[in-house]
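These are the residues of each chain, in order.
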Amino acid sequence: MTEPLLEVENVDITYRMDSEDVHAVTDASFTIDSNEYFGLVGESGCGKSTLAKSLIRGLDSNGEVTSGTIRYKGEEIQDFSEKEYNEKIRWKEIAVIPQAAMNSLNPLTKLSEQAVEIAGVHTDWSEKKAISRLEELFDIVGLPESRVTDYPHQFSGGMKQRAIIAMSLLLNPTLIIADEPTTALDVIMQDQFLKHIDNLREKRDLALLLITHDIAVVFETCDSLAVMHGGQIAERGTTKEIFSAPRHPYTILLQKSFPDARYPDRELEVIEGSPPALREEVDYCTFASRCPWAEQQCRESMPLADSLNGTDSHAVACFRSDEMESLASDHMNTNETRHANAIESEGYEDDD
Ligand SMILES: Nc1ncnc2c1ncn2[C@@H]1O[C@H](COP(=O)(O)OP(=O)(O)OP(=O)(O)O)[C@@H](O)[C@H]1O
Ligand code: SF4
Ligand SMILES: [Mg+2]
């Protein structure tokens with residue numbers, strides 16, 4: 001078996017605070033293979049950016065990986081110094097499209113000058129080489145090569161997004177981490193952005209870690225995914241496995257909270273409540289306070305991610321994953337009956 005490109009193994013991340021620490025990520029594990037497009041999905045505050053930042057030495061100064069291992073191409077990188085990371089990994093191996101990417105380009109510097117600057121720090125390329133590389137990349141993402149000498153403000157929003165993708169590819173990285181790259185865009189631009197990301201696969205070898213709260217985007221774009229809730233990875237697997245047979249209650253409800261072309265008339269699920277504050281070490285299921293199927297043990301101990309059906313890829317951190325297919329189907333039937341009854345009684349009221 002070939003070695004994964006990135007391995008995240010049992011990672012815990014804590015933010016140190018004056019009063020109480022925040023245990024933002026607990027026991028997170030997943031792998032990304034070469035050329036794989038991998039989605040990390042979950043609602044706001046579940047720890048997606050924290051986990052992503054830990055992969056690139058980008059945690060805020062009060063954040064710390066307190067246990068676990070992060071391996072890139074087989075080498076442990078979680079304890080790399082800034083210098084070591086810059087020399088070996090940043091831009092050349094892993095490049096980032098950050099959350100709020102629209103503001104990530106320096107507004108006062110031409111794109112070509114920004115490319116020269118990055119190449120100057122991380123390679124021995126000449127200015128000419130850096131600029132001609134950027135021109136090639138502009139072509140790949142569908143921007144006119146002549147625009148490399150523009151300032152960021154001369155681009156429209158969609159063009160700026162494409163310029164950011166081009167810039168992230170500058171030093172030919174093997175993995176791109178894109179944190180909520182489409183959140184600031186309207187639906188049409190979101191679609192275009194995702195098409196560009198998708199098209200890149202045909203042009204070069206590239207793995208992607210796509211971070212988003214939108215599970216539908218991940219289903220459309222990624223080969224595999226992990227679903228996070230309250231700092232824990234609730235479920236991970238191939239897109240096919242999770243799309244057709246989700247087995248963690250959060251994934252099941254999350255999937256049903258987004259429109260699905262297979263069920264155009266379905267009422268969208270609302271996940272009531274909010275995740276816990278994570279002020280104490282997490283040794284329970286963080287979905288317990290919102291889960292329709294929670295039992296005592298869910299509040300007293302932490303479910304570990306177990307492989308399902310003997311597959312390596314599909315793993316679920318839920319004590320009741322074996323029963324979930326039938327429990328979820330009963331729940332949906334009850335909800336549909338409740339919905340139908342509500343419509344019927346509204347109809348009676350209208351008749352009065
Ligand atoms: N520097 C920090 N100090 C203390 N707590 C922090 C810090 N940064 C993030 N957190 C907390 O860590 C948790 C995870 O935050 P994170 O930004 O990783 O969430 P996220 O899933 O990326 O959310 P969003 O979708 O809103 O970007 C949250 O409870 C957040 O408030
Ligand atoms: S472990 Fe318990 S609370 Fe957590 S998702 Fe499973 S059934 Fe729900
Ligand atoms: Mg985030």
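Predicted model, so just to flag it, every value in this text is computed and none were measured.

1. Let's talk about the sheet that holds strand 1 (residues 6-15)
Overall, antiparallel pairing links the four strands, which are arranged 2-1-4-5 in an open sheet. Whereas interior strands pair on both sides, the edge strands pair on one side only; in this sheet they are strand 2 (22-32) and strand 5 (75-76). Across eight bridges, strand 1 lies against strand 4 (residues 63-72) in antiparallel orientation. Each bridged residue has a counterpart across the sheet, and for Y15 the counterpart in strand 4 is G63. Running at roughly 115° to strand 1, helix 1 (residues 48-55) makes contact with strand 1, strand 2 and strand 4 of the sheet.

2. Brief notes about the site of ligand 1
The full set close to ligand 1 counts 15 residues, and S44, G45, S49, T50 and D60 are the nearest of them. In the environment of ligand 1, an oxygen atom lies 3.2 Å from a nitrogen or oxygen atom belonging to the backbone of C46. Between a nitrogen atom of ligand 1 and a side-chain N or O atom of N62, the distance comes to 3.0 Å. In isolation ligand 1 offers 640 Å² of accessible surface; the protein chains occlude 71% of this area. Among the elements that take part in the shell around ligand 1, helix 1 stands out by supplying three residues, more than any other. When grouped by side-chain class, the residues that make up the shell around ligand 1 number four nonpolar, seven polar and four charged.

3. Overview of the site of ligand 2
Looking at ligand 2, the residues that line it are H248, P249, C285, A288, C291, W293, A294, C298, P303, C318, F319 and R320. Considering only residue class, the shell around ligand 2 consists of ten nonpolar, one polar and one charged.

4. Here we look at helix 5 (residues 157-168)
Between the first and last C-alpha of helix 5 there are 17 Å, a value that for twelve residues agrees with the 16 Å anticipated at 1.5 Å per step. Most of helix 5 sits inside the fold, with eleven of its twelve residues counted as buried. Within helix 5 the residues assigned to the buried category are G158, M159, K160, Q161, R162, A163, I164, I165, A166, M167 and S168. Tucked inside the fold, the buried residues of helix 5 contact strand 6 (94-97), helix 3 (111-122), helix 4 (127-140), strand 7 (175-179) and helix 6 (187-203).

5. Points about the side chain of D214
One can find D214 in the loop between strand 8 (207-212) and helix 7 (215-221). Using a relative accessible area of 17% as the deciding quantity, one classes D214 as buried. Separated by 2.9 Å, the side chain of D214 and the backbone nitrogen of A216 make a polar contact. Setting aside residues no more than four positions away along its own chain, D214 makes contact with V41 and F258.

6. Observations regarding the domain arrangement of the chain
Looking at the chain, the domain boundaries give domain 1 (1-93 + 174-189 + 196-342) and domain 2 (102-172). Look at where the C-alpha atoms of domain 1 and domain 2 centre, and you get two points 31 Å apart. The partner domain 2 presents 15 residues to the 16 residues of domain 1 that form the contact. Both sides together, the interface formed by domain 1 and domain 2 hides about 1,500 Å², and carbon and sulfur atoms give 68% of it. Counting the surface domain 1 buries against domain 2, the share from its top three residues, W91, H196 and R204, is 43%. Inspection of the domain 1/domain 2 interface yields zero salt bridges. At the boundary of domain 1 with domain 2, the tally comes to two residue pairs in polar contact (both at pLDDT 80 or more). With five residues, helix 6 is the largest single contributor of residues to the side of domain 1 that touches domain 2. A class-by-class count of the residues in the side of domain 1 that touches domain 2 yields nine nonpolar, three polar and four charged.

7. Examining unusual backbone geometry
Phi is positive for R57, close to 55°, though the residue is something other than glycine. Relative to the helices and strands, R57 is located in the loop between helix 1 and strand 4. For N172, which is not a glycine, the phi torsion comes out positive at approximately 60°. Secondary-structure assignment places N172 in the loop between helix 5 and strand 7.

8. Notes on a negative patch on the surface
A surface patch of negative charge is lined by E20, E280, E281 and D283. Tracing the backbone through its elements, the reader meets E281 in the loop between helix 9 (249-255) and helix 10 (296-300).

9. Focus: the pairing of strand 1
Taking burial as the measure, the ten residues of strand 1 include seven buried ones, the bulk of the element. As defined by bridge partners, strand 1 adjoins strand 2 across seven bridges and the pair is classed as antiparallel. What sits directly across from I13, in strand 2, is V25. Where strand 1 folds back on strand 2, the antiparallel hairpin that results is connected by six residues.

Calculation notes
Residues numbered from 1 in each chain as written. Chains lettered and ligands numbered in written order. Predicted model: local features only at pLDDT ≥ 70, side-chain atom pairs only at ≥ 80, totals over all residues. Heavy atoms only, no water. Pairing = 2+ DSSP bridges. Helix = DSSP H or I, 4+ residues; strand = E, 2+ residues; numbered from the N terminus. Contact = heavy atoms within 4.5 Å. Axes fitted to C-alpha atoms, helices over the stretch in contact; angles between N-to-C directions. Near = heavy atom within 4 Å. Polar contact = N/O pair within 3.5 Å; in protein donor to acceptor, adjacent residues only side chain to side chain. Areas by Shrake-Rupley, 256 points an atom, 1.4 Å probe, with all protein chains shown as cover. Nonpolar A, V, L, I, M, F, W, Y, C, P; charged D, E, K, R; others polar. Expected span 1.5 Å × (residues − 1). Buried < 20%, exposed > 50% of the residue type's maximum accessible area, 1.4 Å probe, protein only. Domains from an automatic or database assignment. Buried area = accessible area lost by both parts, 1.4 Å probe. Salt bridge = Lys/Arg side-chain N within 4 Å of Asp/Glu carboxyl O. Patch = residues over 30% accessible without salt bridge, like charges linked within 9 Å, V, L, I, M, F, W, Y side chains within 5 Å. Lys, Arg positive; Asp, Glu negative; His and termini not counted. Charge placed at Lys NZ, Arg CZ, Asp CG, Glu CD.

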